[in-house]
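# Structural features, examined
Chain by chain, the residues run as shown.
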Amino acid sequence: MATLSRDDVERVVRSILSQHVGNSAATSATAGPPNPLVVNISARHCHLTQEHVEVLFGKGHQLTPMKWLYQEGYYAAEETVAIVGPRRRMLPEVRILGPCRGDSQVELAFTDSISLGLELPVRISGDVQGTPGCLIVGPKGSLELKQGVIRAMRHVHMNPREMAYYGVKSGDEMHLRVESPGCTTVLENVAVRGGDDKIKLEVHLDTDEGNAINLTNATKVELTVAKPHACACKTH
Ligand SMILES: [Zn+2]
């Protein structure tokens, strides 16, 4: 254990692998088996435009990959920024994820939002209309983000083959059942985020959600299709 770095340990304990066993969702003859189901905690982070990187870190600055993420081509950068909320409350070291995007966005957990004094809506990444803003401070400058601070809605990344396998499309919601000692939980409202062929099946939860379900000690994870309400009453 002593030879493992903190990153190694986190990778081992946070990635709970489970080969999905085929169920009634697998109806399409053309659908192959999905990648193993991986559930990862997405700690607070921000996405920045290249323009904003240069405001915060200096002209011409390029993000430096520190750790490659599970999805090919995406990385946690060495660079961090401070996120400042109302009344100067702040989170000092928020990691930037690369590569740069077309819009800057800050993704926090509810606990972070309490620390910052911001009320955060739960949104799908990229859907930032009408969300709170913040001040972002880097070593070479700062900027005011007018909007874009959210709690990212729990979601699952899937390629087209995996969407066919489960019989879902982008925007649908699924259930994630997690067996863990003392707090087995079913998380509903797991939004499907469809991507291209390179995307691998992966659920993203935030730190609050991951801690609440004791993900680090989970023994089984299972993704199921949300069934329509089945009771006989007329009000549903
Ligand atoms: Zn994600």
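Structure: above.
Notes on the structure in this doc start here. Here the structure is a predicted model, which means the values were calculated and not measured.

## Here we look at the overall build of the protein
Helix and strand content of the protein: 5 helices and 16 strands. Looking at the 236 residues of the protein, the share that counts as buried comes to 42%. Residue pairs at least 24 apart in sequence account for 66% of intrachain contacts in the protein once pairs closer than 6 positions are excluded. Summed over all atoms, the accessible surface of the protein reaches about 12,600 Å², with 53% contributed by carbon and sulfur.

## Focus: the coordination of the zinc ion
Within the protein, the zinc ion binds to His-155 (NE2), His-157 (NE2) and His-204 (ND1); these donor distances fall in the range 2.0 to 2.1 Å. The motif formed by the donor residues of the zinc ion, counted along the single chain, is H-x1-H-x46-H. Pair noted here: His-155 is in strand β12 (residues 155-158) and His-204 is in strand β15 (residues 202-205), with a separation of 49 residues, a long-range link. In this structure, His-155 and His-204 share a single accessibility class: buried.

## Points about the packing of aromatic side chains
All chains considered together, the criterion is met by 2 aromatic pairs. Geometrically, the ring pair formed by Trp-68 and Tyr-75 is edge-to-face, given 5.3 Å between the ring centres and 70° between the ring planes. A relative accessible area of 55% means that Trp-68 is categorised as exposed. For Tyr-75, a relative accessible area of 10% puts it in the buried group. In this structure, Lys-200 packs its charged tip against the face of Tyr-70, placed 4.2 Å from the ring centre.

## Observations concerning the pairing of β15
Side chains of β15 alternate between two faces, with Glu-202 and His-204 and Val-203 and Leu-205 buried alike. Note: strand β2 (residues 37-41) against β15, 4 bridges, orientation parallel. Bridge pairing in β15 places Val-38 opposite Glu-202. For β12 and β15, the ladder comprises 3 bridges, and the chain directions are antiparallel.

## Points about the pattern of salt bridges
Counted under the stated rule, the structure contains 9 salt bridges. A salt bridge links Lys-59 to Glu-54; the shortest N-O distance between them is 3.2 Å. With a shortest N-O distance of 3.6 Å, Arg-151 and Glu-209 are connected by a salt bridge. A residue pair is termed long-range when its members are at least 10 positions apart, and Arg-151 in strand β11 (residues 149-152) and Glu-209 in helix α5 (residues 207-212) qualify at 58 residues. For Arg-151, a relative accessible area of 9% translates into the label buried. Looking at Glu-209, the relative accessible area reads 8%, which means it is buried. Each of Arg-151, Arg-154, Asp-206 and Glu-209 takes part in a single network of salt bridges with overlapping partners.

## Quick notes on the pairing of strand β13 (residues 173-179)
Relative to strand β14 (residues 185-194), β13 runs antiparallel, the two sharing 5 bridges. Within the sheet, the bridge partner assigned to Glu-173 lies in β14 and is Ala-191. If you look at the hairpin formed by β13 and β14, you'll find 5 residues sitting between the two strands, and Gly-182 has a positive phi there, around 85°.

## Here's the deal with the side chain of Glu-162
Take Glu-162: it is sitting in helix α4 (residues 160-166). Despite its burial, Glu-162 pairs with no opposite charge; the closest candidate is Arg-161, at 4.7 Å N-O. Within the structure, the side chain of Glu-162 is placed 3.2 Å from the backbone nitrogen of Leu-201, a separation counted as a polar contact. Glu-162 has contacts with Pro-34, Asn-35, His-157, Ile-199, Lys-200 and Leu-201, leaving out every residue within four places of it along the chain.

## Considerations on the environment of Leu-108
Checked against the element boundaries, Leu-108 lands in the loop between β7 (105-107) and α3 (110-116). For Leu-108, a relative accessible area of 2% puts it in the buried group. Discounting chain neighbours no more than four positions away, the residues touching Leu-108 are Arg-44, Leu-91, Leu-116, Leu-120, Val-149, Ile-150, Arg-151, Ala-152 and Asp-206.

Cut-off values and rules
Residues numbered from 1 in each chain as written. Predicted model: local features only at pLDDT ≥ 70, side-chain atom pairs only at ≥ 80, totals over all residues. Heavy atoms only, no water. Helix = DSSP H or I, 4+ residues; strand = E, 2+ residues; numbered from the N terminus. Buried < 20%, exposed > 50% of the residue type's maximum accessible area, 1.4 Å probe, protein only. Contact = heavy atoms within 4.5 Å. Areas by Shrake-Rupley, 256 points an atom, 1.4 Å probe, with all protein chains shown as cover. Donors = N, O, S within 2.8 Å, 3.2 Å for Na, K, Ca; no water. Phe/Tyr/Trp six-rings, centres within 6.5 Å; stacked < 30°, edge-to-face > 60°. Lys NZ or Arg CZ within 6 Å of the ring centre and 35° of its normal. Pairing = 2+ DSSP bridges. Salt bridge = Lys/Arg side-chain N within 4 Å of Asp/Glu carboxyl O. Lys, Arg positive; Asp, Glu negative; His and termini not counted. Polar contact = N/O pair within 3.5 Å; in protein donor to acceptor, adjacent residues only side chain to side chain.

So yeah, pure geometry; function would need other evidence.
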